[in-house]
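Here's the letter readout for the chains.
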Amino acid sequence: MSADDGIGHDGTEAGGTPAAGGQDPRAPDPTRAAEPDAAPAPDAASAPDAVPAPDTPLPCAPATGLAALSLPFRVVGALALAAVLVLTGLHLSFLFLHVAPANTVSTRQAKAVNAWIYPEFEQNWKLFAPNPIQQNTTVQARATGLHADGTSFLTGWYDLSARDGAALHGEPLPSHTRQNVLRRAWDLYASSHDDDGRPLGTRGELSAAYLTRLATQRLERAGAGGPGAELTRIRVRARFTPVPPPPWSGEKLAGRPAYRTLDWAEAHR
């Protein structure tokens, strides 16, 4: 073995020891700058969703409805939709004026409303049932009878409705019956008698007796004729006063109050 046999081809002696004056080629070169450690590869499971580049176009949803049509068809579709909306609003407006109580607008436009409604859209109902009261109805009564000394008397007219109203003022819980009993009694009488005061069947006779009994009780409660007086005959009438129209309507008040006076009837208790 020659002298060079103990030195390997990589400059180390046998056994891995560097040869004298030699440098281990596996050792780092001190003249080279240290390279930074390589960044670890990102975990695919923890990586955020990929964001497309700003210049990457996003997919667009397909157009639907009018937007899917060409411009001429869009114009035609928009005009047709507008016409349907206008006709629907016009129909509902005429229908409302037809079923609503008479008012300034329906009176002025009655010809146009009737032309639109009849005969195809005729209605047999009203928006308010019954219609809102457009006049004040008060029930009044007077009586004849005998004083305690036997002399006869004739009273003036007592406004029974006004007395009921005055009794309800200041009541925290006013009686619904007290508010409406006279008006309902008169309505029952008026609906069960003709214009000449003739009763329409048995219901008419009962309604007349009921109205007379109420008037008798109210007059006795009011002390008609004085202490100890006895009422023998009762006469009832109704006073109708139109409700004043609002200033902006331009309507005029329809004349003076009207009266409907019934015949004398025996007092009922």
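Residues numbered from 1 in each chain as written. Predicted model: local features only at pLDDT ≥ 70, side-chain atom pairs only at ≥ 80, totals over all residues. Heavy atoms only, no water.

A. Main features of the overall build of the chain. If you tally the helices and strands in the chain, you get six helices and six strands. If you list the helices and strands of the chain from N to C, you get α-α-α-β-β-β-α-α-α-β-β-β. Of all 269 residues assigned to the chain, the portion counted as buried reaches 21%. Contacts in the chain between residues at least 24 apart in sequence constitute 58% of all its contacts with a sequence separation of at least 6. (Helix = DSSP H or I, 4+ residues; strand = E, 2+ residues; numbered from the N terminus. Buried < 20%, exposed > 50% of the residue type's maximum accessible area, 1.4 Å probe, protein only. Contact = heavy atoms within 4.5 Å.)

B. Seen up close, the nonpolar core. Core analysis: the largest hydrophobic core is formed by 22 residues, its most contacted members being Trp186, Leu211, Leu219, Leu231, Ile234 and Val236. Elements that contribute at least two residues to this core include exactly strand S1 (135–146), helix H5 (176–191), helix H6 (202–221) and strand S4 (230–242). Discounting residues that sit within four places of it in the chain, isoleucine 234 has contacts with Arg142, Ala143, Thr212, Ala215, Thr216, Leu219, Asp263, Trp264, Ala265 and Ala267. Among the nonpolar cores identified, the runner-up in size contains five residues, and Phe94, Leu95, Val113 and Ile117 belong to it. (Core = buried A, V, L, I, M, F, W, Y, C linked by side-chain atoms within 4.5 Å.)

C. The packing of helix H1 (residues 71–99) against helix H3 (residues 110–117), seen in detail. One way to put it is that H1 packs onto H3 with a least axis distance of 10 Å and a crossing angle of 110°. With respect to H3, the element H1 is oriented roughly perpendicular. Pair H1 / H3 crosses with left-handed handedness. Where H1 abuts H3, its residues Leu90, His91, Phe94, Leu95, Leu97 and His98 lie against Ala112, Val113, Trp116 and Ile117. (Axes fitted to C-alpha atoms, helices over the stretch in contact; angles between N-to-C directions. Parallel < 35°, antiparallel > 145°, perpendicular 65-115°, else oblique. Left-handed = near helix turned anticlockwise from the far one by under 90°.)

D. Looking closely at the pattern of salt bridges. According to the stated counting rule, one finds five salt bridges in the structure shown. In this structure, the salt-bridge partner of aspartate 194 is arginine 198, at a minimum N-O distance of 3.1 Å. Among the salt bridges present, the one from arginine 233 reaches glutamate 266, with a minimum N-O distance of 3.3 Å. With arginine 233 in strand S4 and glutamate 266 in strand S6 (residues 265–266), the pair connects residues that are 33 residues apart, well separated along the chain. For arginine 233, a relative accessible area of 32% corresponds to the partly exposed category. On the basis of relative accessibility, which here comes to 49%, the residue glutamate 266 falls in the partly exposed class. (Salt bridge = Lys/Arg side-chain N within 4 Å of Asp/Glu carboxyl O.)

E. Here's a closer look at H6. With 20 residues, H6 extends 29 Å between its outermost C-alpha atoms, agreeing within 8% with the 28 Å of an ideal straight helix rising 1.5 Å per residue. Those residues of H6 that fall on the buried side of the exposure criterion are Gly204, Ser207, Leu211, Thr212, Leu214, Ala215, Thr216, Arg218 and Leu219. Where H6 terminates, the next one or two residues include glycine 223, which has phi positive at roughly 75°. (Expected span 1.5 Å × (residues − 1).)

F. Looking closely at the packing of aromatic side chains. Under the counting rule described, the total for this entry stands at four aromatic pairs. Centre to centre, the rings of tryptophan 116 and phenylalanine 121 are 6.4 Å apart; their planes meet at 20°, and the pair counts as stacked. Taking relative accessible area as the criterion, tryptophan 116 reaches 28% and is therefore assigned partly exposed. By relative accessible area, phenylalanine 121 is classed as partly exposed at 35%. Through successive ring pairs, a cluster of aromatic residues spans Phe94, Trp116 and Phe121. One residue, arginine 237, lies across the ring of tryptophan 157, its end atom 4.2 Å from the ring centre. (Phe/Tyr/Trp six-rings, centres within 6.5 Å; stacked < 30°, edge-to-face > 60°. Lys NZ or Arg CZ within 6 Å of the ring centre and 35° of its normal.)

G. View of the environment of alanine 148. Position of alanine 148 relative to the elements: it lies in the loop between S1 and strand S2 (152–154). For alanine 148, a relative accessible area of 63% gives the class exposed. Put simply, alanine 148 and glycine 228 are 80 residues apart on the chain and 5.0 Å apart in space, counted from C-alpha to C-alpha. Setting aside anything within four residues of it in sequence, one finds alanine 148 in contact with Pro227 and Gly228.

So far we have only geometry, and geometry alone does not tell us how the molecule works.
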